[in-house]
Amino acid sequence: MNTSVVSPPQARARAVEFVPDAFVVHLEDGRSLTVPIEWFPRLRDATPEQRRQWRLIGPGTGIHWPDIDEDISIAGLLGLPD
């Protein structure tokens, strides 16, 4: 008997916004993740302008802030293996 394992689709980011003491990652599937900014000291210590300068990595599998050299994977935020 053959058994195939189907991996769940990867969660992908579509937007990021900052709120007091946290940032929110909006996913393509409609979910939103609110993450304490304290977990990421580079983001915590960045200026508002540096925080606004984000871009998606690949097809939304991560977020990159070039001004502060910070990369965050969506899988990591969800507690999944990258």
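The paragraphs below set out a description of the structure included in this document. In this text, all values refer to a predicted model and were calculated from it rather than measured experimentally.

### As for the packing of aromatic side chains
Enumeration over the complete set of coordinates arrives at four aromatic pairs. Considering the side-chain rings of Phe18 and Phe23, the 5.7 Å spacing of their centres and the 35° angle between planes classify their relative orientation as tilted. Phe18 sits in the partly exposed class, given a relative accessible area of 27%. The class of Phe23 is buried, set by a relative accessible area of 0%. Ring pairs connect the aromatic residues Phe18, Phe23, Phe40 and Trp65, which therefore count as one cluster.

### Observations concerning the sheet that holds strand S3 (residues 32–36)
With respect to topology, three strands assemble into an open sheet ordered S1-S2-S3, the strand pairing being antiparallel. Edge positions in the sheet fall to strand S1 (13–19) and S3, since each of these pairs with one other strand and no more. Mean inter-strand twist for the sheet, computed between neighbouring axes without regard to direction, equals 20°. Two strands pair when backbone bridges link them, and strand S2 (residues 22–27) and S3 are joined in this way by five bridges, in the antiparallel orientation.

### Quick word on the side chain of Glu70
Structurally, the position occupied by Glu70 is in strand S6 (residues 70–73). As a buried residue without a salt bridge, Glu70 has its nearest oppositely charged side chain in Arg42, at a separation of 4.6 Å. Leaving out residues up to four positions away in the same chain, Glu70 has contacts with Phe40, Arg42, Leu43, Ile63, His64 and Trp65.

### Quick word on the pattern of salt bridges
Inspection of the entire model under this criterion finds four salt bridges. A salt bridge links Glu38 to Arg44; the shortest N-O distance between them is 2.8 Å. Residue Glu38 is classed as exposed on the basis of its relative accessible area, which comes to 51%. Two residues, Arg52 and Glu49, come together in a salt bridge whose shortest N-O distance is 2.8 Å. In this pair, Arg52 and Glu49 both sit in helix H2 (residues 48–52), three residues apart, roughly one turn of the helix. Residue Arg52 is classed as exposed on the basis of its relative accessible area, which comes to 53%. Owing to a relative accessible area of 40%, Glu49 belongs among the partly exposed residues under this scheme. Residues joined by salt bridges that share partners form a network here, namely Glu38, Arg44 and Asp45.

Thresholds, definitions, all that
- Residues numbered from 1 in each chain as written.
- Predicted model: local features only at pLDDT ≥ 70, side-chain atom pairs only at ≥ 80, totals over all residues.
- Heavy atoms only, no water.
- Phe/Tyr/Trp six-rings, centres within 6.5 Å; stacked < 30°, edge-to-face > 60°.
- Buried < 20%, exposed > 50% of the residue type's maximum accessible area, 1.4 Å probe, protein only.
- Pairing = 2+ DSSP bridges.
- Helix = DSSP H or I, 4+ residues; strand = E, 2+ residues; numbered from the N terminus.
- Axes fitted to C-alpha atoms, helices over the stretch in contact; angles between N-to-C directions.
- Lys, Arg positive; Asp, Glu negative; His and termini not counted.
- Salt bridge = Lys/Arg side-chain N within 4 Å of Asp/Glu carboxyl O.
- Contact = heavy atoms within 4.5 Å.

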